[in-house]
Amino acid sequence: MSPLLRRKEKKRPEERMVTLIGKPGCHLCDDAQEVIEKVCAETGAQWEKKDISQDEELYRRHWEQIPVVLVDGEQHTFWRVNPERLRKALGA
């Protein structure tokens, strides 16, 4: 069967990881964190925060877009986080 036709097994929300890439003193990062904390608390998803100023690779890849939100390591959004869209991405 073609890989395009195979269905990926869906993960439950509590099996998902949301990563917030930001930096201290960034008001958009603070806003994004509030949304992520709320949605993850509702869905049971895990979340982590990474400081772009402490990681050269993250800085090189994302410095123009912070805050950047990843879901399971793949970019979900940047700048603003829509709670409904994040819930949907988490399968909730």
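Residues numbered from 1 in each chain as written. Predicted model: local features only at pLDDT ≥ 70, side-chain atom pairs only at ≥ 80, totals over all residues. Heavy atoms only, no water.

*Asks:* What is the right way to read the environment of N82 from this model?
*Replies:* The topology assignment puts N82 in the loop between β4 (74-78) and α3 (83-89). A relative accessible area of 38% places N82 in the partly exposed class. When the C-alpha positions of N82 and D30 are compared, they lie 14 Å apart, and in sequence the two are 52 residues distant. For N82, the side chain forms a polar contact with the main-chain nitrogen of E84, separated by 2.9 Å. Among the polar contacts made by the side chain of N82, one reaches the main-chain amide nitrogen of R85 at a distance of 2.9 Å. (Helix = DSSP H or I, 4+ residues; strand = E, 2+ residues; numbered from the N terminus. Buried < 20%, exposed > 50% of the residue type's maximum accessible area, 1.4 Å probe, protein only. Polar contact = N/O pair within 3.5 Å; in protein donor to acceptor, adjacent residues only side chain to side chain.)

*Asks:* Would you take a moment to explain the pattern of salt bridges for this structure?
*Replies:* Pairing is possible between side chains of opposite charge, provided their charged atoms come close. Here the structure, examined in full by the defined rule, presents 9 salt bridges. For R80, the salt bridge goes to D31, with nearest N and O atoms at 4.0 Å. With R80 in the loop between β4 and α3 and D31 in helix α1 (residues 27-43), this residue pair connects regions lying 49 residues apart in the sequence. You can call R80 exposed: its relative accessible area is 57%. (Salt bridge = Lys/Arg side-chain N within 4 Å of Asp/Glu carboxyl O.)

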